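Commentary on secondary and tertiary structure
Residues per chain, in single letters:
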Amino acid sequence: MTAEPAQKDLSKTAYDHLWMHFTRMSSYENSPVPTIVKGEGTYVWDDKGRKYLDGLAGLFVVQAGHGREELAEAAAKQAKELAFFPVWSYAHPKAVELAERLANYAPGDLNKVFFSTGGGEAVETAWKLAKQYFKLTGKPTKYKVISRAVAYHGTPQGALSITGLPGLKAPFEPLVPGTHKAPNTNIYRAPSFLTAPDGTVDPEAYGRWAADEIEQAILFEGPETVAAVFVEPVQNAGGCFPPPPGYFQRLREICDRHDVLLVSDEVICAFGRLGTMFGADKFGYQPDMITCAKGMTSGYSPIGATIISDRLAEPFYKGDNTFLHGYTFGGHPVSSAVALANLDIFEREGLNQHVLDNESAFLGTLNKLRDLPIVGDVRGNGYFYGIELVKDKVTKESFNDEEVERVLYGFLSKALFDNGLYCRADDRGDPVIQLAPPLISDQSTFDEIEQILRTSLTDAWAKI
Ligand SMILES: Cc1ncc(COP(=O)(O)O)c(C=O)c1O
């Protein structure tokens, strides 16, 4: 299928006026801005009519795939009926219905839904709620947050403070005080004292250590000052770190021991990315709050949510207490209607089961790339994988700054795109390629991804 080329070349206008996010704008001074004009299924097309496999579902968003007319129709229908009304002291039917549906999907007593417009706001909401909850329940000194190294939790100043990427934070310091970091679960780079002489690591022992490091952080800060731990089910930044076995169960115990809330940041992992509605279901743990966004509408309209336990909500539902927080567009009627229609697709087409049925085939296909000298590790879960690139497979030596700049940015990102794969070459931790295609993907998608990666990574290796 080919798209009609767009009438006007938007590239120059994009450079002149569209300030792209997290983008080195000077890189487009003399080269065109890639401009995507159409999507269908697992593919997108640019303004020149070139077709690309969407290996990242937009930005971990387009779960049901592109070009779903029924989602567009749900948006149009709602806009005609009631385009906007806030959820500030008033309700509208689609926000009510969606809140009930999310509560039904969410594990345990997570029954209260506070809407926002995206993931960063959902994280911001969770932290503010945790702080006010402890003030309302007689523990006003509990306000700090522990999160993990290299984790990304969004760009509002609270969420950015929780983020564990010093480079992203430095330009905006001083940020919100009271955030502290613990190790993540990058078992590929486990500390040497947990690594046997033959290079193997016992995942359970590693998981115990990683969870205990969070407890150490709580103890160092003083449990009477710590409100919450924010963790993703599978950490995105750094390249898809799944939890070792037993990790979340131990973390739950630690949080309970110190009266610290466990916040599962599922902005990426919810809505089928791991083959379950929520990542907490995949790994069998009970959070106190879940933050989610992206896949809830498959991107056909923006929305975010913080899903909160009855226990946490209880003091807010008493007397004149009020959660002093909100967003004009939180729970937007159009986005709520689209989310409901999107979740209908999930049910009707069994998208979660499709991911569960195919995740090992996806991993198996990516694992074929391990024969390449540049591929150090392939890891992830569901339809969410990272491929770590190394200079030396035996020593796991990574690339230096010059090589990252020249090979990862200067060559590989563009080569992948030129070869027809939209995905992400990321170096927020060690250099990784990230893959998270729409959940409708099947073996033909996996094969296409593998082939394009094979060609592009082979060419990249030749440039080291
Ligand atoms: C785990 C996590 N939390 C929060 C965010 C921020 O979401 P948003 O960009 O919608 O504000 C992201 C975005 O990728 C994320 O991956």
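Whatever comes next refers back to the structure up there.
Everything in this summary refers to the structure shown in the same document. Everything numeric in this text was worked out from a predicted model, so none of it was measured. (Residues numbered from 1 in each chain as written. Predicted model: local features only at pLDDT ≥ 70, side-chain atom pairs only at ≥ 80, totals over all residues. Heavy atoms only, no water.)

1. Examining the overall build of the chain
- A count of helical and extended segments in the chain gives 15 helices and 15 strands.
- Relative to the 2.2 N^0.38 estimate, which gives 23 Å for 464 residues, the radius of gyration of the chain is 22 Å and therefore close to what a compact globule would have.
- In terms of principal-axis extent, the alpha carbons of the chain reach across some 65 × 65 × 45 Å.
- Every one of the 464 residues in the chain was classed for burial, and the buried ones make up 55%.
- Taking as baseline every contact in the chain between residues at least 6 positions apart, the subset at least 24 positions apart corresponds to 72%.
- Summed over all atoms, the accessible surface of the chain reaches about 19700 Å², with 55% contributed by carbon and sulfur.
- Where the 45 positive side-chain charges of the chain centre and where its 60 negative ones centre are 2 Å apart. (Helix = DSSP H or I, 4+ residues; strand = E, 2+ residues; numbered from the N terminus. Rg over C-alpha atoms; globule rule 2.2 N^0.38 Å. Buried < 20%, exposed > 50% of the residue type's maximum accessible area, 1.4 Å probe, protein only. Contact = heavy atoms within 4.5 Å. Areas by Shrake-Rupley, 256 points an atom, 1.4 Å probe, with all protein chains shown as cover. Lys, Arg positive; Asp, Glu negative; His and termini not counted. Charge placed at Lys NZ, Arg CZ, Asp CG, Glu CD.)

2. Structural notes on unusual backbone geometry
- Look at the link from Glu 173 to Pro 174: it is a cis peptide, with omega at 0°.
- When you line up the elements, Pro 174 lands in the loop between helix H7 (166-169) and strand E6 (179-182).
- Phi at Phe 22 takes a positive value of approximately 45°, unusual for a residue other than glycine.
- Accessibility expressed as a relative area gives 62% for Phe 22, which makes it exposed.

3. A few points about the sheet that holds strand E3 (residues 51-54)
- Pairing is mixed across the open sheet formed by 4 strands, whose spatial order is E1-E2-E3-E13. The strands lining the two open edges of the sheet, one partner per strand, are strand E1 (36-40) and strand E13 (421-422).
- By the bridge criterion, 3 bridges tie strand E2 (residues 43-46) to E3 in an arrangement that is antiparallel. Its bridge partner lying in E3, Val 44 is registered against Tyr 52. (Pairing = 2+ DSSP bridges.)

4. Observations concerning the environment of Val 145
- Secondary-structure assignment places Val 145 in strand E5 (residues 144-148).
- A sequence separation of 220 residues divides Val 145 from Thr 365, and the C-alpha atoms of the two residues are 38 Å apart.
- Once residues lying within four places of it in the same chain are set aside, the contact partners of Val 145 are Trp 127, Ile 162, Gly 178, Thr 179, His 180, Ala 228 and Phe 230.

5. Some thoughts on the environment of Ile 146
- Tracing the backbone shows Ile 146 in strand E5.
- When neighbours within four sequence positions are excluded, Ile 146 is seen to be in contact with His 180, Ala 182, Ile 214, Ala 217, Ile 218, Glu 221, Val 226, Ala 228, Val 229 and Phe 230.

6. Remarks on the sheet that holds strand E7 (residues 226-231)
- As summarised here, the arrangement of the 7 strands in space is E4-E10-E9-E8-E7-E5-E6, forming an open sheet in which the pairing is mixed. Single-partner strands in this sheet number two, and they are strand E4 (110-116) and E6. On average, adjacent strands in this sheet sit at an angle of 20° to one another, irrespective of strand direction.
- Pairing of E4 with strand E10 (residues 304-309), which is carried by 6 bridges, proceeds in the antiparallel orientation. Across the sheet, the residue bridging to Val 113 is Ile 307, located in E10.
- Running over the sheet, helix H4 (residues 93-105) touches E4 and E10 and is turned about 135° from E4. (Axes fitted to C-alpha atoms, helices over the stretch in contact; angles between N-to-C directions.)

7. Section: the packing of aromatic side chains
- If you walk through the whole model with that rule in mind, you get 18 aromatic pairs.
- Taking the centre distance of 6.3 Å and the plane angle of 75° together, the rings of Phe 22 and Tyr 152 count as edge-to-face. Here Phe 22, found in the loop between helix H1 (11-17) and E1, pairs with Tyr 152, found in the loop between E5 and helix H6 (157-162); they are 130 residues apart in sequence, far enough to count as distant.
- The exposure class of Tyr 152 is partly exposed, given its relative accessible area of 24%.
- Note on Phe 248 and Phe 283: the rings are 6.4 Å apart at their centroids and 20° apart in plane angle, and the pair reads as stacked. A residue pair is termed long-range when its members are at least 10 positions apart, and Phe 248 in helix H9 (residues 247-257) and Phe 283 in helix H10 (residues 279-283) qualify at 35 residues.
- What makes Phe 283 buried here is its relative accessible area of 19%. (Phe/Tyr/Trp six-rings, centres within 6.5 Å; stacked < 30°, edge-to-face > 60°.)

8. Quick notes on the pairing of strand E12 (residues 384-389)
- Among the 6 residues that make up E12, 6 are buried, leaving the element largely enclosed by the rest of the structure.
- Burial along E12 is two-sided: the face carrying Phe 384, Gly 386 and Glu 388 and the face carrying Tyr 385, Ile 387 and Leu 389 are both buried.
- With 6 bridges joining them, strand E11 (residues 375-381) and E12 adopt antiparallel strand pairing. Paired with Val 375 across the strands is Leu 389, a residue of E12.
- Remark: 2 residues form the turn of the hairpin made by E11 and E12, two consecutive strands paired antiparallel; Gly 382 in that turn has positive phi of roughly 60°.
- The pairing of E12 with strand E15 (residues 432-435) spans 4 bridges and is antiparallel. When the sheet's bridge partners are listed, Tyr 385 is paired in E15 with Leu 435.

9. A few points about the pattern of salt bridges
- A full pass over the atoms with the stated rule returns 30 salt bridges.
- Across the pair Glu 405 and Arg 24 runs a salt bridge, and its minimum N-O distance is 2.7 Å. Taken together, the residues span a long stretch of sequence, with Glu 405 in helix H14 (residues 401-418) and Arg 24 in the loop between H1 and E1 at a distance of 381 residues.
- According to the relative accessible area criterion, Glu 405 is partly exposed, its value standing at 36%.
- Glu 450 serves as the salt-bridge partner of Arg 454, at 2.9 Å between the closest nitrogen and oxygen. You can see Arg 454 and its partner Glu 450 sitting in helix H15 (residues 443-462), 4 residues apart, about one turn around the helix.
- Since its relative accessible area comes to 7%, Glu 450 is described here as buried.
- What you see here is one network of salt bridges that share partners, running through Arg 189, Arg 370, Asp 377, Arg 379, Glu 388 and Asp 430. (Salt bridge = Lys/Arg side-chain N within 4 Å of Asp/Glu carboxyl O.)

It is worth stressing that arrangement in space is one thing and function is another; only the former is reported here.
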